[in-house]
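Listed here are the chains, written in short residue letters.
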Amino acid sequence: MMPENTMAAPEQPHTLRAADTPLGRARVARGWSQDKAVRALTLLAESWNWQIAAEPSLKVYLSRWEHGLTRPGKTYQSLLCAIYRVTPEELGFSSSRESRESATTKSLRERIAELESMVTRLTGHLGMVEGVAL
């Protein structure tokens, strides 16, 4: 039997856990479980009249997104940014395929410019070797 002035310790709340990714950290920063995040996604989509997956599927998707196994599409990226009140960059969406394609395009343009310069130089050298300007 406990003394009258001693209170029983409250039960420790469950610790929120998530993958160490921007998306996982954003959920934990809000203090939300995956279930709460899924519910928020569902409610927001309903309020916007958007069609999205059912809650059981969303929970699987959210886990896969948080662990970086798959990437949410544009619809879900918009919803996730809205419920967590963050930018796409803060959720790690800025390193998307478009950004990689942009870097690749820039790299290709630089390479094309180098090749064009090389062709111009070689053409000039050929003209000097033959003694005829092309």
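To start, this report covers the structure provided alongside it.

## Details of the packing of helix α2 (residues 34-47) against helix α3 (residues 55-66)
Between α2 and α3, whose axes approach to 9 Å, the crossing angle comes to 115 degrees. Judged by the sense of rotation from one axis to the other, the crossing of α2 with α3 is right-handed. Of the residues in α3, those touching α2 at Q34, D35, A37, V38, R39, L41 and T42 are E55, L58, K59, L62, S63 and E66. By residue class, the composition of the contact of α2 with α3 is 5 nonpolar, 3 polar and 5 charged.

## As for the environment of L80
In this fold, L80 is placed in helix α4 (residues 74-84). Classification of L80 by relative accessible area gives buried; the value is 0%. Taking the C-alpha atoms as reference points, L80 and A40, 40 residues apart in sequence, are found 9.1 Å from one another. When neighbours within four sequence positions are excluded, L80 is seen to be in contact with L23, L41, L62, W65, P72, L91 and F93.

## Observations concerning the nonpolar core
Among the nonpolar cores identified, the biggest contains 21 residues, and L62, L80, I83, Y84 and L91 are the most heavily contacted of them. Breaking this core down by element, the ones donating at least two residues are α1 (22-29), α2, α3 and α4. Not counting residues up to four positions away in its chain, the partners in contact with L62 are R27, Q34, A37, V38, L80 and Y84.

## A look at the packing of α2 against α4
Where α2 meets α4, the closest approach of the two axes is 10 Å, and the angle between their N-to-C directions is 110 degrees. As summarised for this structure, α2 and α4 are arranged roughly perpendicular, according to the angle between their axes. Where α2 abuts α4, its residues A37, A40, L41, L44 and A45 lie against L79, L80, A82, I83 and Y84. Broken down by class, the residue content of the contact of α2 with α4 amounts to 10 nonpolar, no polar and no charged.

## As for a nonpolar patch on the surface
A contiguous nonpolar surface patch, about 250 Å² in accessible area, is contributed by L115, M118 and L122. Residue placement: L122 occurs in helix α5 (residues 97-130). The exposure class assigned to L122 is partly exposed, which follows from its relative accessible area of 48%.

## Here we look at the pattern of salt bridges
This structure, assessed with the given rule, holds 5 salt bridges. The closest approach of N and O atoms between R27 and E66, which form a salt bridge, is 2.6 Å. In this pair, R27 is assigned in helix α1 and E66 in helix α3, connecting sequence segments 39 residues apart. Assigned by exposure class, R27 and E66 land together as buried. Its salt-bridge partner being R39, residue E55 comes within 2.5 Å of it at the nearest N-O pair. With a gap of 16 residues between them, E55 in helix α3 and R39 in helix α2 connect regions that are remote in the sequence. The exposure class assigned to R39 is partly exposed, which follows from its relative accessible area of 38%.

Quick notes on the rules
Residues numbered from 1 in each chain as written. Predicted model: local features only at pLDDT ≥ 70, side-chain atom pairs only at ≥ 80, totals over all residues. Heavy atoms only, no water. Axes fitted to C-alpha atoms, helices over the stretch in contact; angles between N-to-C directions. Helix = DSSP H or I, 4+ residues; strand = E, 2+ residues; numbered from the N terminus. Left-handed = near helix turned anticlockwise from the far one by under 90°. Contact = heavy atoms within 4.5 Å. Nonpolar A, V, L, I, M, F, W, Y, C, P; charged D, E, K, R; others polar. Buried < 20%, exposed > 50% of the residue type's maximum accessible area, 1.4 Å probe, protein only. Core = buried A, V, L, I, M, F, W, Y, C linked by side-chain atoms within 4.5 Å. Parallel < 35°, antiparallel > 145°, perpendicular 65-115°, else oblique. Patch = residues over 30% accessible without salt bridge, like charges linked within 9 Å, V, L, I, M, F, W, Y side chains within 5 Å. Areas by Shrake-Rupley, 256 points an atom, 1.4 Å probe, with all protein chains shown as cover. Salt bridge = Lys/Arg side-chain N within 4 Å of Asp/Glu carboxyl O.

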